[in-house]
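# Report on the structure
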Amino acid sequence: MTYTDPNLSPAERAGELLSRMTVAEKVAQLTGILPHALGAPDDVSQERFVEHLGQGIGHLCGVGTAAGSPSGIAGLANSVQRYLRESTRLAIPAIVHNEALNGVVAEGFSAFPTAIGLAATWDPDRVELMADLIRRQMRAAGIHQALSPVLDVARDARWGRVHETYGEDVLLASAFGVSYVRGLQGDDLLDGVIATAKHFVGYSATESGQNMAATHLGPRELFDVHAAPFEAAIRLAGLQSVMNSYSEIDGQPVATSREVLTDLLRGRLGFEGTVVSDYRSLFYVVQRQRAGDTASVGAAALRAGLDVELPAPYAYGEELIAGIESGAVPSADLDLAVHRTLTHKFALGLFENPFVDDDPIVVDSLASSGRDLSRMITDESITLLKNDGVLPLTDDGGSIAVLGPHADSVMSGFGNYSYPPFLETLRAILSGRSRMAGMEQALSDPDPAAQERMRARMEAISRLDPERMARESYDALSLSQALAEALPRTEITTAPGTGVLDAESHDIPAALALASAADVVVLAIGGRSVAFAGRATEGEGSDSATIELPARQVELVREVAKLGKPVIAVVYMGKPYALAAIEPLVDAIVTGYIPGPEGGRSLAAVISGSAEPSGRLPFTIPRHVGQVPLYHAQKPGSGQRRLAADQFTEYVDLENSPLYPFGHGLSYTAFERCDLSAEVDADGDGGVDGDGADVLRVELTVRNVGDRAGTDVVQVYVSPPAFTITRPERQLSAFARVELAPGEAARVRFRIDVRQLGYTCEDGRFVVDPGEYGVRVGSSSEDLPLTATVAVGGARREIETPHAYLPAADVSVLARATEQGS
């Protein structure tokens, strides 16, 4: 038996190879290297390979900014793999990884709306198609692992990374997470890409909404809410990798917590893949959290179940080797982590064929494909929050003034973890305005030559104009340009009026002059997402104590409103902003979130009426930051679920309700929902997965009673009974997009496995209780006109795999418009 035998399983081959390895070779498999250390992109040499790769390497990290093009990435990956195969003792290939939250974060790859915009589609199937395309693009470029998706459940609007998530709801995050992982990993890792779900766990629930701060969650909320999307991805999509949170839970940094990374993740959730560190996690445990020295933290992390330290060795270096060789660190801990890493390399087929075709005609053309899919997804995400009859606009030969900081910018469509904003991040790092997690090492390499190469590369990239690059690389149009294209008979004028931030240049009088001469005003306002750049309202390392729009933008809205013209606000936002100051002043509010390169065209299509708004909010929009966290699944007596039984039910200065609820979104047509039926199938033949489990069946009819085609997003909320433990007052339990022509009707049927409604009870078991369950159906978490009550019989039942169930939906057209004479 030998590890070169492809007839053995990946795990068997990994075990046989492991037995041949030295301690140094093993530890090398648990680390990575940034491409700049090898001289990328222009100075790669055999000497640097010998210096850095002599014992092998686990990962080649973050290749997206190191090679200049998809085919350049492929060429770099091939050169590393060739050296490892031909010049190292055991010829162990490297896993190449990169970010790919909403497209591969590298020049030349297609891009999509950021994750919060994806969630606004309420269409996980589209996201699976996106992830499948990303899979093919990454494999063609020699990339085998994506540091995506983000499965944090985000309920604090102050946190700058909300836009990287699928929002506030457990079911929505689970459904999109499962779809992304299925699309990315494919049916077989031989042609799949390893998905890395992050940030395990509770990373979005930190003190004060600040990135990397401490997390304070009880075990019930930690498991029932924050771990749930991870378990769904593990059990329903075979998730292969997890990245730790930077935070601490109950005083223990997650990176060194065996309770979290082994007992919870592997024990309760059934995870069998590799845990990789968020960049420089162990450095931060030592230097930021001050929870040990390098040797003790490395040993603790290995013991905890952290398999691979990224992006380069800090605690998994010489001190770990010494600890293993002296017996201070158990060799069994090392072998377990190495075995998991090697198993993935065999499963990916890298030992048989680590190389890819780096012909630019092959690689670059595939990398840039997918524009039609990006436009389709963006169209579905556009959300109409308010419309007093001004939308859609008609192309009647009038005039529109498009004003605001995003009026003639395409950068507003790109968020943190897409390529154009990375250029802005580099500028900030080089100017000293900010620091970036994981990049300190790149700029402080002990090799002066490597440090200088990296700085030169970053400076060359940072000299690029992100705005120009985004326009040219993606053929992106700004909102003003797209409106001119969509409304060719209408005169379009544009001026910024203000910058995004108050400190940026502004000229409100010039904008008002254009507004005074126009028939309609479109205000392109909102935030800016950049990582660590200091010129942002959101993004990684860009948290906010307030969630209001910048004051000068509000001033612009107020001054324009005084003119008495129809005013449409287009709000760019990757997280909830408090819009109460502008909401009464405008006639319509549309959001595209952070819509990607097709955002201008998709927003213009909705504003002009050539497309129907069909997005729905994946988060709750509060009236004021003082309400945060505000979300639909709050418990009775808390937040927006305060009851008459409470002695004091409101703030003294503000009502409890949100400005716009979770799931909200308007249409240009109208829908009638009727004929609700709900029952529990307890006959033993209705289980969603065929195992005889009880199924809650919910059916209703939806009819388009307007004069335009449109899409209704039907939402089902369930209110479970409570026995000594409080439960959410309502929780999203099923949803479906229903596309209907005018006059057309459909019967919508949902099948909800009752186990989906379980919770952690008073003794720590995950159970489903008997009793009466309220069922409400409608168009948002607060617009639920159809109601029913069902009874779940029998005794309390313990659920062995708690978060392994997603609802199913079937939509059947009943009557078409032609049949009704319309």
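Here is a short report on the structure shown in this document. (Residues numbered from 1 in each chain as written. Predicted model: local features only at pLDDT ≥ 70, side-chain atom pairs only at ≥ 80, totals over all residues. Heavy atoms only, no water.)

With that settled, the discussion passes to the overall build of the chain. What the chain contains, in helices and strands, is 24 helices and 26 strands. Viewed in the frame of its principal axes, the chain has a C-alpha envelope of about 75 × 70 × 55 Å. Counting all 822 residues of the chain, 63% fall into the buried class. Counting contacts in the chain only where the partners sit at least 6 residues apart, residues at least 24 apart contribute 79% of the total. A total accessible area of about 28,100 Å² is found for the chain, and carbon and sulfur atoms account for 48% of it. (Helix = DSSP H or I, 4+ residues; strand = E, 2+ residues; numbered from the N terminus. Buried < 20%, exposed > 50% of the residue type's maximum accessible area, 1.4 Å probe, protein only. Contact = heavy atoms within 4.5 Å. Areas by Shrake-Rupley, 256 points an atom, 1.4 Å probe, with all protein chains shown as cover.)

What follows concerns the sheet that holds strand S24 (residues 786-792). Read across the open sheet, the four strands follow the order S19-S18-S23-S24; overall the sheet is antiparallel. The two strands at the open ends of the sheet, each matched to only one other strand, are strand S19 (731-740) and S24. The sheet shows a mean angle of 20 degrees between the axes of neighbouring strands, direction not considered. Strand direction decides the pairing type here: strand S18 (residues 710-719) and strand S23 (residues 771-778), joined by five bridges, are antiparallel. Residue pairing for S23: Val718 is matched across the bridge by Val775. (Pairing = 2+ DSSP bridges. Axes fitted to C-alpha atoms, helices over the stretch in contact; angles between N-to-C directions.)

Bringing the pattern of salt bridges into the picture now. Inspection of the entire model under this criterion finds 49 salt bridges. Shared partners join several salt bridges into a network, and the residues in it are Arg371, Asp475, Glu485, Glu598 and Arg601. (Salt bridge = Lys/Arg side-chain N within 4 Å of Asp/Glu carboxyl O.)

We now examine the environment of Glu559. When you line up the elements, Glu559 lands in helix H23 (residues 551-561). When the C-alpha atoms of Glu559 and Val530 are compared, they prove to be 29 Å apart, with 29 residues separating the residues in sequence.

Our focus in this paragraph is the sheet that holds strand S10 (residues 383-387). Note: strands within a sheet are paired through backbone hydrogen bonds, in either parallel or antiparallel orientation. Ordered by their spatial adjacency, six strands build an open sheet running S10-S15-S14-S13-S11-S12, and the pairing between neighbours is mixed. Pairing within the sheet leaves two strands with one partner each, and these edge strands are S10 and strand S12 (491-495). Neighbour to neighbour, the strand axes of the sheet diverge by 20 degrees on average, direction disregarded. Relative to strand S13 (residues 520-526), strand S11 (residues 399-403) runs parallel, the two sharing four bridges. Residue Val402 lies in a different strand from S13, and its bridge partner there is Val522.

What follows concerns the pairing of S23. Most of S23 sits inside the fold, with six of its eight residues counted as buried. Bridge count for S23 against S24 is seven bridges, and the pairing is antiparallel. Looking at the pairing, Gly774 lines up with Thr789 of S24.

Here we come to the side chain of Ser418. Inspection of the secondary structure puts Ser418 in the loop between S11 and helix H17 (419-431). Take Ser418: its relative accessible area is 7%, and that puts it in the buried class. Among the polar contacts listed, one links the side chain of Ser418 to the backbone oxygen of Gly415, at a separation of 2.5 Å. Other than its neighbours up to four places away in sequence, Ser418 contacts Asn102 and Val105. (Polar contact = N/O pair within 3.5 Å; in protein donor to acceptor, adjacent residues only side chain to side chain.)

Mapped onto the elements, Gly404 comes out in the loop between S11 and H17. We classify Gly404 as buried; its relative accessible area is 1%. On a C-alpha basis, the gap between Gly404 and His506 in space is 9.7 Å, while along the polypeptide they are 102 residues apart. Not counting residues within four places of it along the chain, the set of residues in contact with Gly404 comprises Ala495, Pro496, Thr498, Ala524 and Leu556.

Before going further, it helps to examine the environment of Glu739. With respect to the helices and strands, Glu739 occurs in strand S19. The exposure class of Glu739 is exposed, given its relative accessible area of 53%. In sequence terms Glu739 and Ala709 are 30 residues apart; their C-alpha atoms lie 7.5 Å from each other. Those residues in contact with Glu739 that sit more than four places away from it in its chain are Gly710, Thr711 and Glu744.

Relative to the helices and strands, Asn102 is located in the loop between strand S3 (95-98) and helix H5 (115-120). Here the side chain of Asn102 touches Phe112 through a polar contact of 2.8 Å, landing on its backbone oxygen.

What you see with strand S6 (residues 241-244) is no split at all: Ser241 and Met243 on one side and Val242 and Asn244 on the other are buried throughout. One ladder, built from three bridges, connects S6 with strand S9 (residues 274-276); its direction is parallel. Directly across from Val242, in S9, lies its bridge partner Val275.

Side chains that are three or four residues apart share a direction in an α-helix, a result of its 3.6 residues per turn. With 18 residues, helix H4 (residues 70-87) should cover 26 Å at 1.5 Å per step; its first-to-last C-alpha distance of 26 Å lies within 8% of that length. Residues of H4 that are buried include every one of Pro70, Ser71, Ile73, Ala74, Leu76, Ala77, Asn78, Val80, Gln81, Tyr83 and Leu84, and no others. Where the residues of H4 are buried, they touch helix H3 (46-53), strand S2 (59-60), S3, helix H6 (124-140) and helix H15 (360-367). (Expected span 1.5 Å × (residues − 1).)

With that settled, consider the packing of helix H8 (residues 219-226) against helix H9 (residues 228-237). At a minimum axis separation of 5 Å, H8 and H9 run at an interaxial angle of 45 degrees. Put simply, H8 runs oblique to H9. Along its contact with H8, which presents Phe223, Asp224, Val225 and His226, the element H9 presents Ala228, Pro229, Phe230 and Glu231. Broken down by class, the residue content of the contact of H8 with H9 amounts to five nonpolar, one polar and two charged. (Parallel < 35°, antiparallel > 145°, perpendicular 65-115°, else oblique. Nonpolar A, V, L, I, M, F, W, Y, C, P; charged D, E, K, R; others polar.)

This structure, assessed with the given rule, holds 15 aromatic pairs. Here the aromatic rings of Tyr593 and Phe619 are separated by 6.1 Å at their centres, their planes lie at 70 degrees, and the arrangement is edge-to-face. Taken together, the residues span a long stretch of sequence, with Tyr593 in strand S15 (residues 588-593) and Phe619 in the loop between helix H24 (599-608) and strand S16 (671-681) at a distance of 26 residues. Neither Tyr593 nor Phe619 differs from the other in exposure class; each is buried. In this structure, Arg82 is placed above the aromatic ring of Phe355, and the distance from its NZ or CZ to the ring centre is 5.1 Å. The cationic tip of Arg268 hangs over the ring face of Phe223; the distance from NZ or CZ to the ring centre is 3.6 Å. (Phe/Tyr/Trp six-rings, centres within 6.5 Å; stacked < 30°, edge-to-face > 60°. Lys NZ or Arg CZ within 6 Å of the ring centre and 35° of its normal.)

As a packed pair, helix H22 (residues 508-517) and H23 sit with axes 10 Å apart at the nearest point and diverge in direction by 30 degrees. Where H22 crosses over H23, the handedness of that crossing is right-handed. Contact with H22, carried on its side by Ile508, Ala511 and Leu512, involves Arg552, Glu555, Leu556, Glu559 and Val560 of H23 and no other residues of that element. Partitioned by chemical class, the residues of the contact of H22 with H23 number five nonpolar, no polar and three charged. (Left-handed = near helix turned anticlockwise from the far one by under 90°.)

Any link to function would need more than the numbers given here.
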